[in-house]
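# Fold and contact review
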Amino acid sequence: MGGVEMYETMLSLYIFQLEKLISNPLHISKVDVYKYFLQSLISEKGTLELLKTKMNEVSEKEIDQETPAFINNFDQVDPAVVYSHFIKGLVDKKFLTEQELKEYLKYAFEYRKTPVTRFKIKNASKRAEVEAIFYNYYKNVAGKIHGKQREYAALLGDYFEGYKTSTISSNFSKSVY
């Protein structure tokens, strides 16, 4: 049995034993157990890179599996798809924190009301870079719905400081991205 198979077998046995011993009053997830197990193995010689890779895969799966905490009352796109698009476009590029994104999605997609204080985009070197994220949502994710361009431009213009819906809508029509 090779190294990876041995660790996976050990992990399966470890999780099985934990599930038998714990009635899980703290709602410990298998992902948390897996991370703990991997971290405990990192000190073993020759496994550091393998374990780092496995831990990154677990983190990516958690993001993919996370159920977005909003209802999409804006369009017909599945909330998980909306969340995934904006986490990659805004959070991964450090324009927003994940918490800010979640708040934004609640306001823009569920409540469909602008907050008292608009959100701020951080670390963007060019406005067009941020506008492109919203244009790509409109064009590629939502399917460029005829007659809805201004509403999609408002997802940026109405909710974020320094952006104007009419300007963004005009740029959408020119497809400048």
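Residues numbered from 1 in each chain as written. Predicted model: local features only at pLDDT ≥ 70, side-chain atom pairs only at ≥ 80, totals over all residues. Heavy atoms only, no water.

## Describing the overall build of the protein
Our working rule: Strands here are runs of E lasting at least two residues and helices are runs of H or I lasting at least four, both read from the DSSP assignment and numbered beginning at the N terminus. Here the term buried applies to any residue with accessible area under 20% of the maximum for its type, exposed to any over 50%, and partly exposed to those in between, with areas from a 1.4 Å probe on protein chains only. By the convention used here, residues are in contact when the closest approach between their heavy atoms is within 4.5 Å. Every accessible area reported is derived by Shrake-Rupley at a probe size of 1.4 Å, with residue values counting cover from the shown protein chains alone.
Counting its secondary structure elements, the protein contains 8 helices and 0 strands. Listing the helices and strands of the protein from first to last along the sequence gives α-α-α-α-α-α-α-α. Taking all 177 residues of the protein together, the buried fraction comes to 34%. Here the analysis covers contacts within the protein between residues at least 6 apart in sequence; of these, 58% occur between residues at least 24 apart. Element-wise, carbon and sulfur atoms account for 53% of the exposed surface of the protein, whose accessible area totals about 11,100 Å².

## Considerations on helix α7 (residues 149-157)
Within the sequence span of α7, burial applies to Y152, A153, A154, L155, L156 and G157. In this fold, the buried residues of α7 make contact with α5 (98-111), α6 (127-141) and α8 (165-174).

## Quick word on the packing of aromatic side chains
How two aromatic rings sit relative to each other is set out by the distance from centre to centre and by the angle between their planes. Just so we agree on the cut-off: When the centres of two rings from Phe, Tyr and Trp lie within 6.5 Å, Trp using its six-membered ring, the rings pair. Their planes under 30 degrees apart give stacked, over 60 give edge-to-face, and anything left gives tilted. Criterion for a charge above a ring: Arg CZ or Lys NZ at most 6 Å from the ring centre, at most 35 degrees from the ring normal.
The full count for this structure, using the stated rule, is 22 aromatic pairs. The interplanar angle of 85 degrees and the centroid separation of 5.9 Å between the aromatic rings of F109 and Y137 together place this pair among those described as edge-to-face. Here Y137 lies in helix α6 and F109 lies in helix α5, a separation of 28 residues in the sequence. The exposure class of F109 is buried, given its relative accessible area of 0%. For R127, the ring lying beneath its charged end belongs to Y163, and the centroid distance is 4.4 Å.

## What to know about the nonpolar core
What counts is decided by this rule: Working definition of a nonpolar core: buried Ala, Val, Leu, Ile, Met, Phe, Trp, Tyr and Cys residues. They are joined through side-chain atoms within 4.5 Å.
One finds F86, L101, Y104, F109, F134 and F160 to be the most contacted residues of the largest nonpolar core, which totals 34 residues. Secondary-structure elements contributing two or more residues to this core are α4 (79-91), α5, α6, α7 and α8. Among residues more than four places away in sequence, those in contact with L101 are Y83, F86, I87, L90, V91 and L96.

## Regarding the side chain of E110
Keep this limit in mind: Here a polar contact is recorded for every N or O atom pair within 3.5 Å, except that within protein the pair must consist of a potential hydrogen donor and a potential acceptor, and residues adjacent in sequence are included only if both atoms are side-chain atoms.
Locating E110 in the fold gives a position in helix α5. At 3.0 Å, the side chain of E110 and the backbone nitrogen of I71 are in polar contact.

## What to know about the packing of α6 against α8
Packed helices, taken two at a time, are described by the angle their axes make and the gap between the axes. What counts is decided by this rule: Structural elements are reduced to axes, namely lines fitted to C-alpha atoms, with helices fitted over the stretch in contact, and the angle between N-to-C directions of any two is expressed from 0 to 180 degrees. Angles are sorted into four bins: roughly parallel if under 35 degrees, roughly antiparallel if over 145, roughly perpendicular if 65 to 115, and oblique for all others. We call a crossing left-handed when the near helix sits turned anticlockwise from the far one by less than a right angle, and right-handed when that turn is clockwise.
Here α6 crosses α8 at 60 degrees, and the two axes come no closer than 11 Å. Classified by the angle their axes make, α6 and α8 are oblique. Seen from above, α6 lies across α8 with right-handed handedness. On α8, the residues touching E131, F134, Y135 and Y138 of α6 are I168, N171 and F172.

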